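Structural overview
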Amino acid sequence: MGGQAFDIRRALKGLRWLLVRDGVLILQLGVIWAVVAAIASMLSEYIPSEVRGFVGLNQLVGPFFVAAFTAAALSGGQPTLSEVVKAGRLLYVQFLVLLFITFVLSHLGLKLMILPGVALAILFSCAPSVLFREDAGILGSLIAGGRLVLPRFWRVAGCYLIVMVPVMVLAGLLLLADQGLSLRLSTLVILSCVSVFTNVMATYLGSVIYLEATHMSER
């Protein structure tokens, strides 16, 4: 029932509407994220390789911006930079733990086989939105997010296929175009911009899927 009720076309229209509405904010906060990510990548070189292989500075930076962009996507009106930065600051620790858990589970799934890792990533895609909107706690958000996605898993997966595959292709083309450049800083900046671009799209898509899934669940 849930799978049939989930409207992919409406979700994609909602994603486009939110991206247009928040275009200026996405550009502002995205530039800040890219700069911070580039600096974090440079500083990560000074971290011992044993530690860097387990967790990098960007994994500590990312949750702040994911929380901020989740707050922007789920805001009822036109979000401001100060509002979403405040949300990122207040929710940082919870998002850090949540995203670390989802990263570990997805990584383990990828180690076993590719498909289980991808499936787990999709299954937990609504967890950040649940954590922000419903204050369900970290484990509660994972469980509630999984329950939202599971009945409509294939349609949610279809949304990710339609949106994220072109995003990843574009990101790959940008990286290929940069291979001819010899300036290390240029490469680092482009890598940071590509990473921010894909993460912002994934965050907004997860928020839209949450809105569509909860809308249909309430009917």
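Residues numbered from 1 in each chain as written. Predicted model: local features only at pLDDT ≥ 70, side-chain atom pairs only at ≥ 80, totals over all residues. Heavy atoms only, no water.

Side note on the overall build of the protein
In terms of helices and strands, the protein carries 12 helices and zero strands. Starting at the N terminus and walking to the C terminus, you meet the elements of the protein as α-α-α-α-α-α-α-α-α-α-α-α. Counting across all 219 residues of the protein, residues that qualify as buried make up 42%. At a minimum sequence separation of 6, the contacts of the protein that also span at least 24 residues come to 77%. (Helix = DSSP H or I, 4+ residues; strand = E, 2+ residues; numbered from the N terminus. Buried < 20%, exposed > 50% of the residue type's maximum accessible area, 1.4 Å probe, protein only. Contact = heavy atoms within 4.5 Å.)

What to know about a nonpolar patch on the surface
On the surface, a cluster of nonpolar side chains totalling about 520 Å² of accessible area is made up of L27, V31, V35, I39, M42 and L43. Structurally, L27 is set in helix α3 (residues 23–44). (Patch = residues over 30% accessible without salt bridge, like charges linked within 9 Å, V, L, I, M, F, W, Y side chains within 5 Å. Areas by Shrake-Rupley, 256 points an atom, 1.4 Å probe, with all protein chains shown as cover. Salt bridge = Lys/Arg side-chain N within 4 Å of Asp/Glu carboxyl O.)

Section: helix α9 (residues 127–134)
All of the buried residues along α9 are A127, P128, S129, V130 and L131. The first or second residue beyond α9 is D135, which carries a positive phi of 50°.

Digging into the nonpolar core
Generally speaking, a soluble globular protein has its nonpolar side chains buried in company with each other. The biggest cluster of nonpolar side chains holds 51 residues, and the ones touching the most others in it are W33, Y204, L205 and I209. Looking at which element gives the most residues to this core, the answer is helix α12 (residues 184–217), with nine residues. Excluding its chain neighbours within four sequence positions, the residues that come into contact with W33 are V61, G62, F65, V66, F69, V196, N199 and V200. (Core = buried A, V, L, I, M, F, W, Y, C linked by side-chain atoms within 4.5 Å.)

Thoughts on the packing of α3 against helix α6 (residues 81–90)
In contact at an axis separation of 10 Å, α3 and α6 are set at 50° when each is read in the N-to-C sense. The orientation of α3 with respect to α6, classified from their angle, is oblique. Remark: the crossing between α3 and α6 carries right-handed chirality. For the pair α3 and α6, the contacting residues are L25, Q28 and L29 in the first and L81, V84 and V85 in the second. Its residues assigned to classes, the contact of α3 with α6 shows five nonpolar, one polar and no charged. (Axes fitted to C-alpha atoms, helices over the stretch in contact; angles between N-to-C directions. Parallel < 35°, antiparallel > 145°, perpendicular 65-115°, else oblique. Left-handed = near helix turned anticlockwise from the far one by under 90°. Nonpolar A, V, L, I, M, F, W, Y, C, P; charged D, E, K, R; others polar.)

Some thoughts on the packing of aromatic side chains
Scanning all chains against the criterion turns up five aromatic pairs. Consider the rings of F153 and W154, whose centres lie 5.2 Å apart with planes at 85°: the pair is edge-to-face. According to the relative accessible area criterion, F153 is buried, its value standing at 16%. One aromatic cluster is present, formed by W33, F64, F65, F69 and Y204 through successive ring pairs. (Phe/Tyr/Trp six-rings, centres within 6.5 Å; stacked < 30°, edge-to-face > 60°.)

Some remarks on the pattern of salt bridges
Under the criterion given, the structure shown has two salt bridges. Where R10 meets E212, a salt bridge forms, and the shortest distance between an N and an O atom there is 2.7 Å. Remark: E212 occurs in helix α12 and R10 occurs in helix α2 (residues 8–21); sequence separation between them is 202 residues. Its relative accessible area of 35% is what places R10 among the partly exposed residues. For E212, a relative accessible area of 7% gives the class buried. D22 serves as the salt-bridge partner of R21, at 2.6 Å between the closest nitrogen and oxygen. With a relative accessible area of 14%, R21 lands in the buried category.

Things to note about the confidence of the model for the protein
Of the residues in the protein, 84% reach a pLDDT of 70 or more, and the chain-wide mean stands at 85. Ranking the elements of the protein by mean pLDDT puts helix α1 (residues 2–5) last with 52 and α6 first with 96. (pLDDT = per-residue confidence, 0-100.)

Describing the environment of L15
If you trace the backbone, L15 turns up in helix α2. Residue class for L15 comes out buried when judged on its relative accessible area of 5%. When the C-alpha positions of L15 and V208 are compared, they lie 6.0 Å apart, and in sequence the two are 193 residues distant. Once residues lying within four places of it in the same chain are set aside, the contact partners of L15 are V163, Y204, L205 and V208.

Let's talk about the packing of α3 against helix α5 (residues 57–73)
Closest axis-to-axis distance for the α3/α5 pair is 9 Å, and the angle between their directions is 170°. In this view, α3 runs roughly antiparallel relative to α5, as classed from their interaxial angle. Taking contact as the criterion, the partners of L25, I26, L29, G30, I32, W33, V36, A37, A40, S41, L43 and S44 in α3 are, on α5, L57, N58, V61, G62, F65, V66, A68, F69 and A72. Partitioning the contact of α3 with α5 into residue classes produces 16 nonpolar, five polar and no charged.

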